[in-house]
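Remarks on the overall topology
Take a look at the letters that make up each chain.
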Amino acid sequence: MRLKVCGLTDMNQVRQLNDWGVHFCGFIFYPKSPRYVLNNNTTEAIKKVKGTINKVGVFVNEKEDTILKMVDECGLYLIQLHGDETPRACENLSNYVTTIKAFRISENDNILWKIKDYQDVVDIFLFDTEGVGYGGTGKKFNWNMLKGLSIRKPFLLSGGIQPDDVPELQNFMQDSVAKDLFAFDINSKFEITPGIKNLALVHQFFNQVNIL
């Protein structure tokens, strides 16, 4: 099972994740986030990070030309749109770069209705928890809402995943919806401070989910 570690701000930590074989690292390009990657890094420093790890840029309601500029300057392999981006905006961007569209899920959402207009215009979905404002909340939504659904597109499961969730994730993978499960996405529950990960926890979790 693939793993994405999001909200990284330390390029040395990214290099360590690459050495372990972690599949994706997420850099947040949203200035209001405490994990805004350009607070402490240049685009050149991000671009210099090489390896097999896939660099994902996370954007919130950003202008298309700004996103594509960051893709080029930082050497991003994928983008993740975490705001209120329209299907047309997503389609325009996905013509240039592999695009993930994030959906913030609340208890009363009809998930299939929420994703239907994006089905043919992005490459991957991500399901996160609804909260005030944009970005992650560090809280879980009810993963059972996904069970039995036919998503028909690869998706990332996000939203407050923590180190001791492996049995729950293993249970989730037994459901039919997991045929489209592409990766787990972790962030705040594996941190020392915003943007700085507890690498021991990440490594242990990666080894556990890698055999699921």
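Everything discussed here concerns the structure shown above.
As the structure is a computational prediction, the values presented were derived from the model and not from experiment.

1. Description of the side chain of E85
- Positionally, E85 belongs in the loop between β4 (78-81) and α4 (87-94).
- Among the residues examined, E85 registers a relative accessible area of 8% and is labelled buried.
- At 2.9 Å, the side chain of E85 and the backbone nitrogen of N61 are in polar contact.
- Side-chain polar atoms of E85 contact the side chain of K101, separated by 3.4 Å.
- Once residues within four sequence positions are removed from consideration, E85 is found in contact with F59, V60, N61, C90, K101 and Y118.

2. A closer look at the packing of helix α1 (residues 11-20) against helix α7 (residues 199-209)
- Running from amino to carboxyl end, α1 crosses α7 at an angle of 25 degrees, the nearest separation of the two axes being 11 Å. One finds that α1 runs roughly parallel with respect to α7. Pair α1 / α7 crosses with right-handed handedness. Each of Q13, Q16, L17 and W20 in α1 lies in contact with α7, whose residues at this interface are L199, V202, H203 and F206.

How each quantity is defined
Within every chain, residues take consecutive numbers counted from 1 along the sequence as written. Where local features are concerned, this predicted model is filtered to residues with pLDDT of at least 70; where side-chain atom pairs are given and counted, the filter is 80 or more; whole-chain, interface and lining totals use all residues. In computing side-chain values, all of the structure's heavy atoms are included and hydrogens and water are not. The helix count covers DSSP runs of H or I at least four residues long, the strand count covers runs of E at least two residues long, and both are numbered beginning at the N terminus. Exposed residues in this analysis have more than 50% of their type's maximum accessible area, buried residues have under 20%, and partly exposed residues fall in between, with area computed by a 1.4 Å probe over protein chains only. Contacts described as polar in this section are N or O atom pairs within 3.5 Å, which, within protein, must combine one atom able to donate a hydrogen with one able to accept it, while residues neighboring in sequence count only if both atoms come from side chains. By definition in these notes, contact holds between two residues if any of their heavy atoms fall within 4.5 Å. Here an axis means a line fitted to C-alpha atoms, over the contact stretch when the element is a helix, while the angle between two N-to-C directions is reported on a 0 to 180 degree scale. Each angle receives one of four descriptions, namely roughly parallel if under 35 degrees, roughly antiparallel if over 145, roughly perpendicular if within 65 to 115, and oblique otherwise. Here is the rule for handedness: rotate from the far helix to the near one, and if that takes an anticlockwise turn smaller than a right angle the crossing is left-handed, while a clockwise turn gives right-handed.

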